[in-house]
Amino acid sequence: MVSLEFIAKLARPNTTKILLVVMDGLGGIPGGPKGLTGLDEAKTPNFDAIAPRATLGAIELVSPGITPGSGPGHLGLFGYDPIKYMIGRGVLSAAGLGLEMQAGDIAARINFCTVDQGGVVTDRRAGRIPTEAAVKLCEKLNAGIRIPGVTVTVKAEREHRAAVLFRGAGLDHGITDTDPQQEGKKPLDPEHANDTPAGRKTHGIVCDFIMQAGKILASEKPANMLLLRGFDAPPTLPEFREVFKLKAGAIAVYPMYRGLASLVGMDVIPVTGERVADEITALEGAWSTHDFVYLHVKKTDSYGEDGNRDAKIHVIEEVDGLLPRILALKPDCLLVTGDHSTPSVLKGHSWHPSPVLLLSPTGRPDGRARFTELNCDRGGLGRIHATDLMPLAMAHAMRLDKFGA
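In this text, all values refer to a predicted model and were calculated from it rather than measured experimentally.

**Some remarks on the overall build of the protein chain**
Thinking step 1. The secondary structure content of the protein chain amounts to 14 helices and 13 strands.
Thinking step 2. In terms of overall dimensions, the protein chain is globule-like: its C-alpha atoms have a radius of gyration of 21 Å, near the 22 Å expected for 405 residues.
Thinking step 3. Principal-axis analysis of the C-alpha atoms places the extent of the protein chain at approximately 60 × 55 × 40 Å.
Thinking step 4. Burial statistics for the protein chain: of 405 residues in total, 56% are counted as buried.
Thinking step 5. Expressed as a percentage of contacts within the protein chain between residues at least 6 apart in sequence, the contacts between residues at least 24 apart total 76%.
Thinking step 6. Total accessible area on the protein chain is roughly 16,500 Å²; 55% of this is exposed by carbon and sulfur atoms.

Here it is, written out as structure tokens:
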């Protein structure tokens, strides 16, 4: 692993183009009646056609055994050490929703959830309520919550997800999550990590917010409560374009991923529609004006978290069907991977390395027949750290100078 400062000294402009396709939660483990992963079982004739002339590998997003969230996973893929540059999920959601954060602001991610009469969480995602329903819930919270000395803004993200922004003097982001991360437990009590006036003040504000929100949502069905996680303040990050000398663009339907891309300095490219095909259309429109494009596919992760193996396979096949449009753009370096693994059998993120495919005229094909986890484990790239991916892409795009004499 090398530093961004080191890469910035070697990076040089060129006319070549890099495309990073992130199929969220792509990796899996054997399961189903055939004992196969989703990538194994999916019918992927287009990936099968390019796999033998590509180089395959497996990516450790953080470190062996560590299960990454989407934020750390993406930061690693973008070349940022996710442990050095930690960003709370709340900031990512707020940025993606266009909530401009100021110094001193605190943001957190919201999951609307379902609790029973005893306050026990029975569904962490409230049945993945439609975004329109979440918008109405946020409107009720904005209209009803009042905390002296603090401005509270709640905004819907997608489905059951939303973000809350706290603005006031003397706030501290060191507040712990209330999401127990599993059903059958009550929401956790928030705690403040710092026993300071700011920490105690912020803890009181968050507790007040939760109490008022619980009363407002009590009669709603199925989203009658909320969970909070990822409290943080706005970060300071090295600019992606300055480090890699790339005019970079990001294409994502979900706001959080647009937010992360904007925080590192990528252009957020508008998408008309919500299908993967609509994202490819946006890619085609932006290809001539960008050196690097990151394209995010969400549903591989969503269906994995739901344990819906067949639906996850369908999304993999959907992307495979659109691969000819991607290849028609003739990227000088094409990368296809995930920001973490989400095995359907586990119904959540996991620590398993993410499969990666690298296709470039300057690559060393390893002749693997298919793009699957097993072939990636045996591929020519080997097992690499996520932060090594961007330097590899830059090298294959002839955008890195030689190091030393």
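**Focus on the side chain of Thr387**
Thinking step 1. Residue position: Thr387 is located in the loop between strand S13 (382-385) and helix H14 (389-396).
Thinking step 2. Within the local environment of Thr387, its side chain forms a polar contact with the side chain of His385, the two groups lying 2.8 Å apart.
Thinking step 3. Each residue touching Thr387, except ones within four places of it in the same chain, is listed here: Met1, Gly76, Gly79, Tyr80, Asp81 and Pro82.

**Quick word on the packing of helix H5 (residues 89-96) against helix H9 (residues 255-263)**
To characterise two packed helices, one gives the angle between the axes of the helices and the distance between these axes.
Thinking step 1. Two elements in contact, H5 and H9, have axes whose closest approach is 6 Å; the angle formed by their N-to-C orientations is 95 degrees. When the interaxial angle is binned, H5 and H9 end up roughly perpendicular. Residues Arg89, Val91, Leu92, Ser93, Ala95 and Gly96 of H5 lie in contact with H9, whose contacting residues are Pro255, Met256, Tyr257, Arg258, Gly259, Leu260, Ser262 and Leu263.
Thinking step 2. Across the contact of H5 with H9, the residue classes break down as eight nonpolar, four polar and two charged.

**With respect to the pattern of salt bridges**
Thinking step 1. In the structure shown here, the tally under the stated rule is 24 salt bridges.
Thinking step 2. The salt bridge partner of Asp179 is Arg124, with a shortest N-O separation of 2.7 Å. Of this pair, Asp179 sits in the loop between strand S6 (161-167) and helix H7 (197-217) while Arg124 sits in the loop between strand S4 (121-123) and helix H6 (131-144), placing them 55 residues apart in sequence.
Thinking step 3. Exposure remark for Asp179: the relative accessible area of 4% places this residue in the buried category.
Thinking step 4. The class for Arg124 is buried, based on a relative accessible area of 7%.
Thinking step 5. Salt-bridge contacts for Glu239 lead to Arg241; the nearest nitrogen and oxygen are separated by 3.0 Å.

**Points about the packing of aromatic side chains**
Thinking step 1. Taken as a whole and judged by the stated rule, the model has eight aromatic pairs.
Thinking step 2. Ring geometry for Phe47 against Phe371: centres 5.4 Å apart, planes inclined by 50 degrees, an arrangement best described as tilted. A residue pair is termed long-range when its members are at least 10 positions apart, and Phe47 in helix H3 (residues 45-50) and Phe371 in the loop between strand S12 (354-359) and helix H13 (373-377) qualify at 324 residues.
Thinking step 3. Residue classification places Phe47 among the buried positions, given a relative accessible area of 2%.
Thinking step 4. Given the relative accessible area of 2%, Phe371 is considered buried.
Thinking step 5. When the ring of Tyr80 is compared with that of Tyr85, the centres are 5.7 Å apart and the planes differ by 80 degrees; the resulting orientation is edge-to-face.
Thinking step 6. Of the aromatic side chains, those joined through ring pairs into one cluster are Phe78, Phe240, Phe244, Phe292 and Tyr294.

Thresholds, definitions, all that
Residues numbered from 1 in each chain as written. Predicted model: local features only at pLDDT ≥ 70, side-chain atom pairs only at ≥ 80, totals over all residues. Heavy atoms only, no water. Helix = DSSP H or I, 4+ residues; strand = E, 2+ residues; numbered from the N terminus. Rg over C-alpha atoms; globule rule 2.2 N^0.38 Å. Buried < 20%, exposed > 50% of the residue type's maximum accessible area, 1.4 Å probe, protein only. Contact = heavy atoms within 4.5 Å. Areas by Shrake-Rupley, 256 points an atom, 1.4 Å probe, with all protein chains shown as cover. Polar contact = N/O pair within 3.5 Å; in protein donor to acceptor, adjacent residues only side chain to side chain. Axes fitted to C-alpha atoms, helices over the stretch in contact; angles between N-to-C directions. Parallel < 35°, antiparallel > 145°, perpendicular 65-115°, else oblique. Nonpolar A, V, L, I, M, F, W, Y, C, P; charged D, E, K, R; others polar. Salt bridge = Lys/Arg side-chain N within 4 Å of Asp/Glu carboxyl O. Phe/Tyr/Trp six-rings, centres within 6.5 Å; stacked < 30°, edge-to-face > 60°.

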